[in-house]
Amino acid sequence: MRKPIDAALLGALRCFATAARLLSFTRAADALSLTQSAISQQIRQLEKRLGYALFVRGHRSLTLTREGEMLLEGTQRAFDEIETTLVRIASTDEPVRVGCCPSFALHWLVSRLPDFHQHFERNPVQLNAEFTAVGMPDDDTTGVDVAIRYSVDDFPLTDVHALLLDEWLLPVATPTYLQRNPAAAKGRIDKSCVLLHDAAAWTGADASAEWRAWMTAVQPAAIRHVDGPHFNLASMAFSAALNHQGVAIARVSLLTNELRDGRLVPVVPVAVRSPASYWMISRSANSPAASVFNAWLLQECRQFARRRAVDIGKLGIARPADAML
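Cut-off values and rules
- Residues numbered from 1 in each chain as written.
- Predicted model: local features only at pLDDT ≥ 70, side-chain atom pairs only at ≥ 80, totals over all residues.
- Heavy atoms only, no water.
- UniProt positions renumbered as here; feature names shortened; annotations may be inferred.
- Helix = DSSP H or I, 4+ residues; strand = E, 2+ residues; numbered from the N terminus.
- Domains from an automatic or database assignment.
- Contact = heavy atoms within 4.5 Å.
- Buried area = accessible area lost by both parts, 1.4 Å probe.
- Salt bridge = Lys/Arg side-chain N within 4 Å of Asp/Glu carboxyl O.
- Polar contact = N/O pair within 3.5 Å; in protein donor to acceptor, adjacent residues only side chain to side chain.
- Core = buried A, V, L, I, M, F, W, Y, C linked by side-chain atoms within 4.5 Å.
- Buried < 20%, exposed > 50% of the residue type's maximum accessible area, 1.4 Å probe, protein only.

Using the residue numbers shown here, the UniProt feature "domain: HTH lysR-type" (unreviewed entry) corresponds to residues 13-65. Each end of residues 13-65 is marked by a C-alpha atom, and these two atoms are 15 Å apart; helix forms 62% of the span and strand 11%.

Domain annotation for the chain reports domain 1 (7-90) and domain 2 (95-132 + 143-324). Using C-alpha coordinates to define each centre, domain 1 is positioned 27 Å away from domain 2. Listed per partner, the contact involves 13 residues of domain 1 and 14 residues of domain 2. Both sides of the domain 1 and domain 2 interface together cover about 1300 Å² of buried area, and 57% of this is carbon and sulfur. Applying the counting rule to domain 1 against domain 2 returns zero salt bridges. Put simply, domain 1 and domain 2 have zero residue pairs in polar contact (both at pLDDT 80 or more) between them. When contributions to the side of domain 1 that touches domain 2 are tallied by element, the ones reaching two or more residues are helix H1 (7-22), helix H2 (25-32) and helix H4 (66-90). Among the elements that take part in the side of domain 1 that touches domain 2, H4 stands out by supplying seven residues, more than any other.

The next subject is the nonpolar core. Ranked by size, the top nonpolar core spans 73 residues in total, and within it Phe 104, Trp 108, Leu 109, Phe 293 and Leu 297 carry the most contacts. Per-element tally for this core: the top contributor is helix H12 (residues 288-314), with 10 residues. Excluding its chain neighbours within four sequence positions, the residues that come into contact with Phe 104 are Leu 109, Ile 148, Leu 165, Leu 254 and Tyr 278.

Shown next, in the form of structure tokens:
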């Protein structure tokens, strides 16, 4: 039966979409500047109105029902399109200055910018792939309208700070390297493996932070073999892996294409959530053009996260039972 869409239903759907995306009533309340009880009440009323449950509520967990997953896909797509249309109408003829962590720019953002320029030709992006300056906080936006950071900082979810993507770590190598290394071919990380490191993964990270995060969760005994070549840019470690030089700790979001086409394969098919995530930090007084870019980027990231989950599932990569890629 058709459900008439009125103001009350739209408000409840906005609360649902935010809570479903974050899998947290508390974080949804922060994002929407409401109380947690208000979010819970909106969700209960929505479930009553629709006649089915949208969430499975655990003691300290929140997951979507099948109906909830279907509703999230539809509502998020609709809200994204509405927001994008509104900011497109309000945009002016001005460029958007974007400062971005280099590896995210090279492996993710640059290939998607033609789509942005096609739809928003009035607002070309001026992209500056940058290292966060020593002593500069991750949320600094000096000289840019929007900054994209790979950071462990748990920024507040506001109009200024938006969570773009979580990240997942996975040891990868080429099929050629695995043929040369029997231990790695059997899914074992030991002293015979050349481990490739991003020595500056995020502000304050030690030189082996990503490898240690993965090893602690999956193969703790391998931590004693954590040595290997260090690079100050993840892209260089990835390039070394693609040239059969060793095993890199992949950021799954940045190497989805290489995993999908088999240029890189999991050495151990277990992904571990990275301590860091990708954040978008905007100026407190943003321009209409920057608002256009922000809305587009958030929509692209949400769509990518859904496709990433499908791709990773097809590759047979395991993950913690309570995690969502």
